[in-house]
Amino acid sequence: MNRTRRLRKSEGIRRLVRENQLTVDDLIYPLFIEEGENIEKDIVSMPGIKRFSLDRLSSELDEVVSLNIPAVLLFGIPSSKDGEGSETWNDQGILQRTIRFVKKHYPNLYVITDVCFCEYTDHGHCGVMHNNDVDNDATLVNIAKQVISHAKAGADMVAPSGMMDGAIQAMREALDATGFYDLPIMGYSVKYASAFYGPFREAADSTPSFGDRKTYQMDPANRDEAFREAAFDDQEGADILMVKPALSYLDVVRDLKNTYDRPIACYNVSGEYAMIKAAAAKGWIDGERVMMESLLSMKRAGADIIITYFAKEVARILSNK
Ligand code: PBG
């Protein structure tokens, strides 16, 4: 008889035949930095996650480094917003100052920046508005300005999250023309118009003041289109392809893993984090085990890199700290 249970008999054999492993090397930890002073504000819908002002960020960074997490993904929350999000390319802006601070005091921590406008525009959309919609090509001009500003401040990698067509190409050309040909780009290649971003919008103060993001982010019903999106980012030269959200889109993670020979990342987004935290707080699930199982499922689906608010907790468990 075929007996698959033979290889499940004890932890020893289960360890030997285990196919996937979650390690601290897979993790990117997102950070929200708000312009101002003395800010350390809990994000209610994301227990354990806070917004920091730059002067309060050190203890958080100390912890990230001591847990051996390789990378952070920075989101800036400016004190003033306008129609274009012009603070995104201010060399003295909150994100630029944060990049310089982190690279100066934590030179080995890998700094990735989110390249978008929604936290910086007064209307909360991811670019310049025209006729009640985001103007793709006008936004590309500003993306180029933003990305050069991040590069000059010392970012190690840039990650455009706005789902504008041609963003990777516009960024690559801008970076190459200014001498930053070595700076990699992680594309938010397949990003769905998802309700799972709810808590993030509280965290980053980026809820659209009208409408939604369905004219630029993808329809959750679509899988073939994900190949098209990823193909364009691949051709335009994205160094890493990302799928977002993660849990409800693991089929797409696997599709990309099977199709492209580039590293695949997934973004375990705010709503996925909030659901586990909320159910665990109620005592309805074992939060730690559900966390580890869901992150492992992302590895099994083919993710090489996971962006997650759980990064510190996972790192602590993996290192027994
Ligand atoms: C901004 C951006 C969003 C997220 C990352 N970058 C929100 C959005 O597109 O509305 C979501 C992250 C999360 O939910 O954890 N463009």
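Everything below is about the structure shown above.
Because the structure is a prediction, the values reported are computed rather than measured. (Residues numbered from 1 in each chain as written. Predicted model: local features only at pLDDT ≥ 70, side-chain atom pairs only at ≥ 80, totals over all residues. Heavy atoms only, no water.)

Trainee: Talk me through the site of the ligand; I want residue IDs and the actual numbers.
Mentor: In the region of the ligand, 18 residues are neighbours, and Lys191, Arg201, Lys244, Ser270 and Tyr309 sit closest. Interatomic distance of 3.1 Å between a side-chain N/O atom of serine 161 and a nitrogen atom of the ligand. For the ligand, an oxygen atom lies 2.9 Å from a polar atom in the side chain of arginine 213. Burial of the ligand by the surrounding chains reaches 100%, relative to a free accessible area of 410 Å². (Near = heavy atom within 4 Å. Polar contact = N/O pair within 3.5 Å; in protein donor to acceptor, adjacent residues only side chain to side chain. Areas by Shrake-Rupley, 256 points an atom, 1.4 Å probe, with all protein chains shown as cover.)

Trainee: Now, about the nonpolar core: what can you tell me, with residues and values included?
Mentor: Core analysis: the biggest nonpolar cluster contains 105 residues, and Phe32, Met186, Val190, Leu256 and Tyr267 have the highest contact counts within it. Not counting chain neighbours up to four residues away, the residues in contact with valine 190 comprise Met218, Ala226, Glu229, Ala230, Met242, Val243, Lys244, Val252 and Leu256. (Core = buried A, V, L, I, M, F, W, Y, C linked by side-chain atoms within 4.5 Å. Buried < 20%, exposed > 50% of the residue type's maximum accessible area, 1.4 Å probe, protein only. Contact = heavy atoms within 4.5 Å.)

Trainee: Before we move on, could you go through the packing of aromatic side chains and cite the residues and values that matter?
Mentor: Inspection of the entire model under this criterion finds nine aromatic pairs. Ring pairing ties together the aromatic residues Phe32, Phe75, Tyr188, Phe200, Tyr267, Tyr273, Tyr309 and Phe310, which thus form one cluster. Lysine 244 extends its terminal NZ or CZ atom over the ring of phenylalanine 200, reaching a point 6.0 Å from the ring centre. Taking NZ or CZ as reference, lysine 244 lies 4.7 Å from the ring centre of tyrosine 267, over its face. (Phe/Tyr/Trp six-rings, centres within 6.5 Å; stacked < 30°, edge-to-face > 60°. Lys NZ or Arg CZ within 6 Å of the ring centre and 35° of its normal.)

Trainee: Go over the packing of helix α10 (residues 287-301) against helix α11 (residues 311-319), please, and point to the residues and values.
Mentor: It is at 11 Å that the axes of α10 and α11 come closest, and there the two elements cross at 95°. It follows that α10 is roughly perpendicular to α11 by the angle criterion. Contacts between α10 and α11 pair Glu288, Met291, Met292 and Leu295 from the former with Glu313, Val314, Ile317 and Leu318 from the latter. For the contact of α10 with α11, a count of residues per class yields six nonpolar, no polar and two charged. (Axes fitted to C-alpha atoms, helices over the stretch in contact; angles between N-to-C directions. Helix = DSSP H or I, 4+ residues; strand = E, 2+ residues; numbered from the N terminus. Parallel < 35°, antiparallel > 145°, perpendicular 65-115°, else oblique. Nonpolar A, V, L, I, M, F, W, Y, C, P; charged D, E, K, R; others polar.)

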